[in-house]
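# Fold and contact review
Spelled out, the chains give:
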Amino acid sequence: MAEFVHITGAGSARRIERAGISARSRGRDGDRGVYCMPVLPSFTLTHQWVRELRRWHPGVLVAVHVRLPDAEPVTVGHYAESPRRVTAAQAVAAIRELDDPRGQEVFVPRPITAGEVRRVRDVPQGVGWRYLPAAHGRRPCLCPVCASRGAYKGARLRQRFPYDEPPRPKSELMPLLRAATTAEEIVDVLWELGRGRRGGAEELAYLADHPDPEVRETLESVLRRYRGREARRLGERLRQLHESASAAPTAD
């Protein structure tokens, strides 16, 4: 039997345990089914779609573990490429063999029955990637093609990253950072600091212990634009904290 994880809203958990997963998603060929990921040795890669799906599904997400027959017909591939038709066992093997399985997905072109659902478990809401697998540390593109009007949180992103305005100097941004009182305000200033090459990373060290994970993740990304030993040391500390949090077991 091949094991997979389907990410969905916590409000659907009881219904799924009772009746299975409905075939509500649409595949590349127009058929209805369920998207999922194989259970991989890496917890983070197994649940990599959580952060991206939270952009489109407000509220708490959960992981639904399912088992399918090895010979079950599915499709597999990167979300930006045409998928291949394989069996469930072949899909698991294909993704496990990849050096970088980020962005991969498996589509089951039918509903998942209640008998195939093994359990529903909580999952950390910050695990995985957003926008695209390699987006971490990159400023989002806000051209009219990549950020169309009406897109989710598009107005906030356009306000945070003006498309054609030059970055403000550090001497202007640091007072704003020190005066910021909310996580959202801190993230906004950090991203603008990351638009240019900087020095003096020790001024940001106090944010490494901030309780909000988005602040810490943004700081880790922005430090890649900083020069010097302190920037490297602080970045390594944040990466270790992130890996420790991702590897922490969750309650069933």
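Preceding this paragraph is the structure being described.
### What about the overall build of the chain?
Secondary structure summary: the chain contains nine helices and eight strands in total. Looking at the chain as a whole, 43% of its 252 residues are labelled buried. At a minimum sequence separation of 6, the contacts of the chain that also span at least 24 residues come to 73%. Of the roughly 13,800 Å² that the chain leaves accessible, carbon and sulfur atoms contribute 51%.

### Some thoughts on the pattern of salt bridges
Per the counting criterion, the structure on display carries ten salt bridges. With a shortest N-O distance of 2.4 Å, Asp 29 and Arg 85 are connected by a salt bridge. Taken together, the positions of Asp 29 in the loop between β2 (25-26) and β3 (32-38) and Arg 85 in strand β6 (residues 84-87) put the pair 56 residues apart, joining distant regions of the chain. Using a relative accessible area of 57% as the deciding quantity, one classes Asp 29 as exposed. Of the charged contacts, one joins Arg 110 and Glu 72 as a salt bridge, the two residues approaching to 2.8 Å between their closest N and O atoms. Here Arg 110 is found in the loop between β7 (104-108) and β8 (117-122), whereas its partner Glu 72 is found in the loop between β4 (61-68) and β5 (73-78), with 38 residues between them in sequence. Both residues of the pair, Arg 110 and Glu 72, count as buried.

### Overview of the nonpolar core
Counting residues in hydrophobic clusters, the biggest one holds 27 residues, and the most contacted among them are Phe 4, Ile 21, Val 64, Val 66, Val 106 and Ile 112. Secondary structure elements with two or more residues in this core: β1 (2-9), α1 (13-19), β3, β4, β5, α4 (88-96), β7 and β8. Apart from the residues lying within four places of it in its own chain, the contact partners of Phe 4 are Cys 36, Met 37, Pro 38, Val 39, Val 64, His 65, Val 66, Leu 68, Ala 88, Val 92 and Val 106. Of all hydrophobic cores here, the second largest spans 22 residues; its members include Val 189, Trp 191, Leu 193 and Leu 223.

### Observations regarding the packing of aromatic side chains
Overall, the coordinates contain four aromatic pairs when judged by the stated rule. Plain terms: the ring middles of Tyr 35 and Phe 107 are 4.7 Å apart, the flat faces sit at 50° to each other, and that makes the pair tilted. Highlighted residues: Tyr 35 in strand β3 and Phe 107 in strand β7, separated in sequence by 72 residues. We classify Tyr 35 as partly exposed; its relative accessible area is 26%. Chaining the aromatic ring pairs together yields one cluster made of Trp 49, Tyr 79 and Trp 129.

### As for the pairing of β4
Within β4, seven of the eight residues are buried, leaving the element largely enclosed by the surrounding structure. Sheet analysis places β1 next to β4, joined by eight bridges and oriented antiparallel. In the sheet register, Phe 4 faces β4, and the bridge partner there is Val 66. In this structure, β4 lies alongside β8, joined through five bridges in antiparallel fashion. If you follow Val 66 over to β8, its bridge partner there is Val 117.

### Concerning the side chain of Glu 105
Considering the arrangement of structural elements, one finds Glu 105 in strand β7. Notably, Glu 105 is buried but unbridged: the nearest opposite-charge side chain belongs to Arg 28, and the N-O separation is 4.4 Å. If we skip the residues at most four places from it in the chain, Glu 105 touches Arg 28, Tyr 35, Cys 36, Met 37, Trp 49, Thr 75, Val 76, Gly 77 and Tyr 79.

### Focus: the side chain of Arg 110
Engagement of the side chain of Arg 110 in a polar contact is seen with the side chain of Glu 116, the distance being 2.8 Å. Not counting residues within four places of it along the chain, the set of residues in contact with Arg 110 comprises Ala 23, Arg 32, Gly 33, Val 34, Leu 68, Pro 69, Glu 72 and Glu 116.

### Examining the pairing of β5
Each regular strand displays side chains that alternate between the two surfaces of the sheet. Judged by how many residues are buried, β5 sits mostly within the fold: five of six residues are covered. Pairing between β5 and β6: four bridges, direction antiparallel. Within β6, the position partnered with Val 76 by the bridge is Arg 84. What sits between the antiparallel neighbours β5 and β6 is a turn of five residues. Pairing between β5 and β7: four bridges, direction antiparallel. Note that in β7 the partner of Gly 77 across the bridge is Glu 105.

Criteria and cut-off values
- Residues numbered from 1 in each chain as written.
- Predicted model: local features only at pLDDT ≥ 70, side-chain atom pairs only at ≥ 80, totals over all residues.
- Heavy atoms only, no water.
- Helix = DSSP H or I, 4+ residues; strand = E, 2+ residues; numbered from the N terminus.
- Buried < 20%, exposed > 50% of the residue type's maximum accessible area, 1.4 Å probe, protein only.
- Contact = heavy atoms within 4.5 Å.
- Areas by Shrake-Rupley, 256 points an atom, 1.4 Å probe, with all protein chains shown as cover.
- Salt bridge = Lys/Arg side-chain N within 4 Å of Asp/Glu carboxyl O.
- Core = buried A, V, L, I, M, F, W, Y, C linked by side-chain atoms within 4.5 Å.
- Phe/Tyr/Trp six-rings, centres within 6.5 Å; stacked < 30°, edge-to-face > 60°.
- Pairing = 2+ DSSP bridges.
- Lys, Arg positive; Asp, Glu negative; His and termini not counted.
- Polar contact = N/O pair within 3.5 Å; in protein donor to acceptor, adjacent residues only side chain to side chain.

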